[in-house]
Number of protein chains: 2
Amino acid sequence: MNKRQTEHKRCISIVPIFNHLTEEEMNGIVKETTSLTYARGETLFHPGDVSSRLYIVHKGRVKIYRLSENGKEQLVRVLEPGDFTGELTLFNETTVDTYAEALEKTQLCVMEGVDFQQFLLTYPAIAIKVLNEISRRLQQSEEQSAQIALEKVETRLALYLARIAEEQKSTTITLPMSQKDIASYLGTTPETINRKLNELVDKGMIQVGKSRKIVITD
Amino acid sequence: MNKRQTEHKRCISIVPIFNHLTEEEMNGIVKETTSLTYARGETLFHPGDVSSRLYIVHKGRVKIYRLSENGKEQLVRVLEPGDFTGELTLFNETTVDTYAEALEKTQLCVMEGVDFQQFLLTYPAIAIKVLNEISRRLQQSEEQSAQIALEKVETRLALYLARIAEEQKSTTITLPMSQKDIASYLGTTPETINRKLNELVDKGMIQVGKSRKIVITD
DNA sequence: GCAAAAACTTGATGTAGGTCAATTTTTTAA
DNA sequence: TTAAAAAATTGACCTACATCAAGTTTTTGC
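Note that this is a predicted model, so its numbers are computed, not measured. (Residues numbered from 1 in each chain as written. Chains lettered and ligands numbered in written order. Predicted model: local features only at pLDDT ≥ 70, side-chain atom pairs only at ≥ 80, totals over all residues.)

### Remarks on the protein's contact with DNA strand D
In step 1: Taken together, 18 residues are adjacent to DNA strand D, and A:Lys152, A:Thr192, A:Ser211, B:Ser178 and B:Gln179 come closest.
In step 2: Looking at the surface near DNA strand D, the elements that each hand over two or more residues are helix H5 (153-167) and helix H7 (190-202) of chain A together with helix H6 (179-186) and helix H7 (190-202) of chain B.
In step 3: Top element by residues in the surface near DNA strand D is H7(B). It accounts for five residues. (Near = placed C-beta within 6 Å. Helix = DSSP H or I, 4+ residues; strand = E, 2+ residues; numbered from the N terminus.)

What follows is the structure, given as structure tokens:
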């Protein structure tokens, strides 16, 4: 196995949906993937692309977002190492309808949709893992939708901070993105996020430190 | 095959994800399903239930919705005959977090999650079909989320009417639900929907008739 | 390390649409 | 068929948040 393949394998092996495979099976996938590297700010794909590729993040982070006709941005999701994305409607030739942009220097493994589909047919257990992951995302997306529709910005922000605290298993958290991106994710504006953060400080619920550090006191 | 089984089979055979199965395969599923009937307004399940069942609509319609803490409702989706729902995170024991309520007299086929999972392992092609369907839903949900976050109510309503027109393949449409439910679906209030409909009439873009009929002139 | 870019901050002002309330119309179910 | 319930309609008022603008601070990339 050459150096490039070793690199791919390292990528595949960290992906939750693949990580229970045997050595041999994993090598099978490795053959089908190629590796790509993007610099911060570079675009992986954008609406109109007809790619049906599966992207798996190896190192770095990728943000997935949409634009409205008047140019406003909605951040859909941020991919961390081990996460994947791509048009998973593997049968129908669908057009991409989101933007994907590297938030920092990012390395990905890429697989053609048709290969991935073949792979799922060979390993149904993986298909079910993928199904689980997509279902989880669907549930999250529907919850997000409901929150934007029903909750005030302050509530959404508080819920968001609580989730980050849970993810980071600490009441001292580092925001994983800029206030601008948080605003875009929560369906509001950077100014409002900033003001609401201040309100939470005034209410004694949080303290804000340098470089996106926040201590949750309530 | 007895009468009840025939009934089930009729149910299974209309579901897009199952309808390419052979006679024999279909009979295999039929054995695993039971039939349920609900009256208009009855609840199929609600948050807190730990059921992992798969529900397939045979006749009638079911609305899936969420409630915020302050009691406001967000309509997530309406299931028509052939549609399915259920916690598809088949592995992890997840708790239901939505309400499901029959919009009219509704007949469903029900399968236990564990049976369904076994089924997907046996027929990987069906797993991929389900994956396709869930991916499509995810895409729709993310689009919905972005629209609520970024677009004005008038735009959302116009897009909604356009989609209904496309679904019904006509510029004379019958709204599939009450203004109250449309409001809930679009993340606004019945009063606002009513006013925006009137504005569209004033602008000469639509005409409204009796019993939820609308003619789209623009 | 430094210049440029991006992110953050704060104030002033405007408005889309939410809320409340009361009436009329339509639908439902017995 | 009809009474009761639900849905639609309309008006008056209010507020959460967007928008615009103008600094200030932090981060980035060379």
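This is not the end of the story, as more comes after the structure.
### Details of the protein's contact with DNA strand C
In step 1: As a matter of local geometry, DNA strand C sits amid 18 residues, with A:Ser178, A:Gln179, B:Lys152, B:Thr188 and B:Thr192 nearest to it.
In step 2: For the surface near DNA strand C, the secondary structure elements donating two or more residues are helix H6 (179-186) and H7 of chain A together with helix H5 (153-167) and H7 of chain B.
In step 3: Ranked by residues supplied to the surface near DNA strand C, first place goes to H7(A) with five residues.
In step 4: Class assignment of the residues belonging to the surface near DNA strand C gives a composition of two nonpolar, eight polar and eight charged. (Nonpolar A, V, L, I, M, F, W, Y, C, P; charged D, E, K, R; others polar.)

### So, unusual backbone geometry
Residue and element names in this part refer to chain B.
In step 1: A positive phi angle, near 50°, is found at lysine 169, a position not held by glycine.
In step 2: Positionally, lysine 169 belongs in the loop between H5 and strand S9 (172-174).
In step 3: Given 7 C-beta atoms within a 10 Å radius, lysine 169 is considered exposed.
In step 4: In this structure, arginine 212 takes a positive phi of about 65° despite not being glycine.
In step 5: Mapped onto the secondary structure, arginine 212 falls in the loop between strand S10 (206-208) and strand S11 (213-216).
In step 6: Taking the C-beta count within 10 Å as the criterion, arginine 212 has 14 such neighbours and is therefore assigned partly exposed. (Buried ≥ 20, exposed ≤ 12 C-beta atoms within 10 Å, placed from the backbone.)

### Regarding helix H3 (residues 113-122) of chain B
In step 1: All of the buried residues along H3(B) are B:Phe116, B:Gln117 and B:Leu120. End-on, the buried residues of H3(B) take up no more than an arc of 100°, which puts them together on one face. Pointing more than 90 degrees away from the buried face of H3(B) are the exposed residues B:Val114 and B:Thr122.
In step 2: Looking at the buried residues of H3(B), the elements they touch are helix H4 (124-150) of chain A together with strand S3 (54-59), strand S8 (106-111) and helix H4 (124-150) of chain B. (Arc of directions from axis to C-beta. Contact = placed C-beta atoms within 7 Å.)

### Quick word on the interface of chain A and chain B
In step 1: Listed per partner, the contact involves 35 residues of chain A and 35 residues of chain B.
In step 2: Mapped by element, the contributors of at least two residues to the side of chain A that touches chain B are strand S5 (73-79), helix H3 (113-122) and H4 of chain A.
In step 3: At 20 residues, the largest contribution of residues to the side of chain A that touches chain B is made by H4(A).
In step 4: By residue class, the composition of the side of chain A that touches chain B is 18 nonpolar, 10 polar and seven charged.

### A short note on the environment of B:Leu161
Residues and elements named next belong to chain B.
In step 1: Positionally, leucine 161 belongs in helix H5.
In step 2: With 20 C-beta atoms counted inside 10 Å, the residue leucine 161 sits in the buried group.
In step 3: Once the C-alpha coordinates of leucine 161 and valine 57 are considered, the two residues, 104 residues apart in sequence, prove to be 24 Å apart.
In step 4: Among residues more than four places away in sequence, those in contact with leucine 161 are Ile214 and Ile216.

### Quick notes on the relation of the copies chain A and chain B
In step 1: The two copies are related by a screw operation: chain A maps onto chain B through 180° of rotation and 0.0 Å of translation along the axis, at an RMSD of 0.0 Å. The operation mapping one copy onto its partner corresponds to a two-fold rotation axis.
In step 2: Most of the interface of chain A is mirrored in chain B: 97% of its interface residues are interface residues there too. (Least-squares fit on C-alpha atoms with pLDDT ≥ 70 in both.)

### Concerning the sheet that holds strand S6 (residues 84-85) of chain A
In step 1: The four strands are arranged S1-S8-S3-S6 (chain A) in an open sheet whose pairing can be described as antiparallel. Either end of the sheet is taken by a strand with one partner, and the two such strands are strand S1 (34-38) and S6 of chain A. (Pairing = 2+ DSSP bridges.)

### A closer look at the pairing of strand S11 (residues 213-216) of chain A
All names here are of chain A.
In step 1: For strand S9 (residues 172-174) and S11, the ladder comprises three bridges, and the chain directions are antiparallel. What sits directly across from threonine 172, in S11, is valine 215.
In step 2: Here strand S10 (residues 206-208) runs beside S11; their pairing, made up of three bridges, is antiparallel. Residue pairing for S11: isoleucine 206 is matched across the bridge by isoleucine 216.

### Digging into the nonpolar core
In step 1: Judged by nonpolar contacts, the single largest core of 58 residues is most densely connected at A:Ala127, A:Leu131, B:Ala127 and B:Leu131.
In step 2: The contact partners of A:Leu131, leaving out residues within four places of it in the chain, are B:Leu88, B:Ala127, B:Val130, B:Leu131 and B:Ile134. (Core = buried A, V, L, I, M, F, W, Y, C linked by C-beta atoms within 7 Å.)

### Comments concerning the sheet that holds S5(A)
All names here are of chain A.
In step 1: Taken in spatial order, the four strands make up an open sheet running S2-S7-S4-S5, and their pairing is antiparallel. Looking along the sheet, the strands with just one partner apiece sit at the ends: strand S2 (43-45) and S5. Between one strand axis and the next, the sheet turns by 30° as a mean value, whatever way the strands run.
In step 2: The pairing of S2 with strand S7 (residues 99-102) spans two bridges and is antiparallel. What sits directly across from phenylalanine 45, in S7, is alanine 100.
In step 3: Packed on one face of the sheet, H6 meets strand S4 (62-67) and S5 and runs near 105° to S5. (Axes fitted to C-alpha atoms, helices over the stretch in contact; angles between N-to-C directions.)

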